[in-house]
Amino acid sequence: MSLVLELQKDLISNEVELTTILRKALLISNKLSIKESIKWLEYEINGYPNSDESFPEYRNISCNTKAFNPYHGWQPLIYDDNEIWGILKKVPIVWSIAEIENSLKKSKDIIYLGGERANSLAKYVNTQVRFEISAASLHHILEQVIIKLLDWTTELEKKGILGEGISFTQEEKINAQSFHNCIFDNSVKNSGALGTNIDFNNNGNIGDGNSITNNVTNAIDNLIKEIQSDSNLKPEVKDGVIENLNLLKIEKEDSKLKKTLKTLVSFGSILVDKAPYIIERIDIIKKFFNF
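Just so it is clear, the structure is predicted and the values come from calculations on it, not from any experiment.

Colleague: A description of the pairing of strand β3 (residues 64–69) should follow, citing residues and the corresponding values.
Modeller: Where β3 meets strand β7 (residues 129–134), four bridges bridge the pair, whose relative direction is antiparallel. Across the sheet, Asn64 pairs through a bridge with Glu132, a residue of β7. Sheet topology places β3 next to strand β4 (residues 73–76); four bridges connect them, and they run antiparallel. Note on β4: the bridge partner recorded for Phe68 is Trp74. Remark: three residues form the turn of the hairpin made by β3 and β4, two consecutive strands paired antiparallel.

Colleague: Explain helix α7 (residues 135–158) to me, using residue names and the numbers behind them.
Modeller: The end-to-end C-alpha separation of α7 is 35 Å, in line with the 34 Å expected for 24 residues at 1.5 Å each. Within the span of α7, buried status applies to Ala135, Ser137, Leu138, Ile141, Leu142, Val145, Ile146, Lys148, Leu149, Trp152, Thr153 and Leu156. Directly after α7, the chain includes Gly160, whose backbone phi takes a positive value near 75°.

Colleague: I'd like a description of the environment of Trp95, backed by residues and values.
Modeller: Relative to the helices and strands, Trp95 resides in the loop between β5 (90–92) and α5 (97–106). Measuring from C-alpha to C-alpha, the distance between Trp95 and Tyr48 comes to 6.6 Å, with 47 residues separating the pair along the chain. For Trp95, the residues in contact, after removing those within four places along its chain, are Gly47, Arg59, Ile100, Ser103, Ile111, Leu113 and Leu138.

Colleague: Outline the sheet that holds β3, supporting the account with residue identities and numerical values.
Modeller: Across the sheet, which stays open at both edges, the four strands sit in the order β4-β3-β7-β6 with antiparallel pairing between neighbours. The sheet is open, and its two edges are formed by β4 and β6 (110–113), each paired on a single side. Averaged over all adjacent pairs, the angle separating strand axes in this sheet is 35°, with direction ignored.

Colleague: Can you break down unusual backbone geometry residue by residue, with the values?
Modeller: Despite not being glycine, Ser33 has its phi angle at roughly 55°, a positive value. When its relative accessible area of 40% is taken as the criterion, Ser33 is described as partly exposed.

Colleague: Can you tell me about the packing of aromatic side chains, naming the residues and giving the values?
Modeller: Enumeration according to the criterion identifies three aromatic pairs in this entry. Here the aromatic rings of Tyr43 and Tyr48 are separated by 4.7 Å at their centres, their planes lie at 25°, and the arrangement is stacked. Overall, the relative accessible area of 5% leaves Tyr48 in the buried class. Where Phe68 meets Trp74, the ring centres are 5.6 Å apart and the plane angle is 70°; that geometry is what we call edge-to-face. Given a relative accessible area of 25%, Trp74 falls into the partly exposed group. Three or more aromatic residues joined by ring pairs make a cluster, and in this case those are Tyr43, Tyr48 and Phe55.

What counts and what doesn't
Residues numbered from 1 in each chain as written. Predicted model: local features only at pLDDT ≥ 70, side-chain atom pairs only at ≥ 80, totals over all residues. Heavy atoms only, no water. Pairing = 2+ DSSP bridges. Helix = DSSP H or I, 4+ residues; strand = E, 2+ residues; numbered from the N terminus. Expected span 1.5 Å × (residues − 1). Buried < 20%, exposed > 50% of the residue type's maximum accessible area, 1.4 Å probe, protein only. Contact = heavy atoms within 4.5 Å. Axes fitted to C-alpha atoms, helices over the stretch in contact; angles between N-to-C directions. Phe/Tyr/Trp six-rings, centres within 6.5 Å; stacked < 30°, edge-to-face > 60°.

Bear in mind that shape data such as this cannot, by itself, settle questions of function.
And the structure:
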């Protein structure tokens, strides 16, 4: 049977693990000396370098970045700097396909990640950091790899490069040399800030060595400054909101924090028309306290 058609059959079957399929695809690529696919397949089989190297966009997946709070456990890591916030919303998955498959066998829901990137970030916030990703996002990576392989084998078939058993004719090998496959050219690009070497110092927020609690305090202080300069709000409304925001910075007991947050939420009917941004920011701050 044709090696290429056999690979296609494996790709649409649920009975063959993707790691096995990748090895077969690598065999085909090596026999045909197709450099683009060899590089990509080796990365998918062995894992990507854990640094700012060439990296496929489909492996940058959405995540929840959380830091450990001594009073409330794992809480969302909040930054009002848009550039840093953009970095924290995604994490690069550098694992080999085999590691991804094994992770999915162990967990069907949420998967927790640490590693160099989390350790690097933890140094700046003075507490533990972890990334939470969904099992579905890992399944998406596997699906993207399968789609690329199907496209690749379909292009080989169109050009008459099929193979017989585990061999290819001399003509097929020659045709493969003139076969430029753009499927892999566009899949790999530099991951930039999504690599492990994250420099937060340039933004002045995380690099100051503040704890996670101080970072939320800064977010509250920034909101207070905006409220103080807002001419649309009555003085008594400003004072009430600011007073309760300041309480959030010093309260330690859950019951008192809940009461303060409830008071802030009660201002919603007053603020919804005059200053909706305050409601949005309070909702973000609430997530830190997990209430």
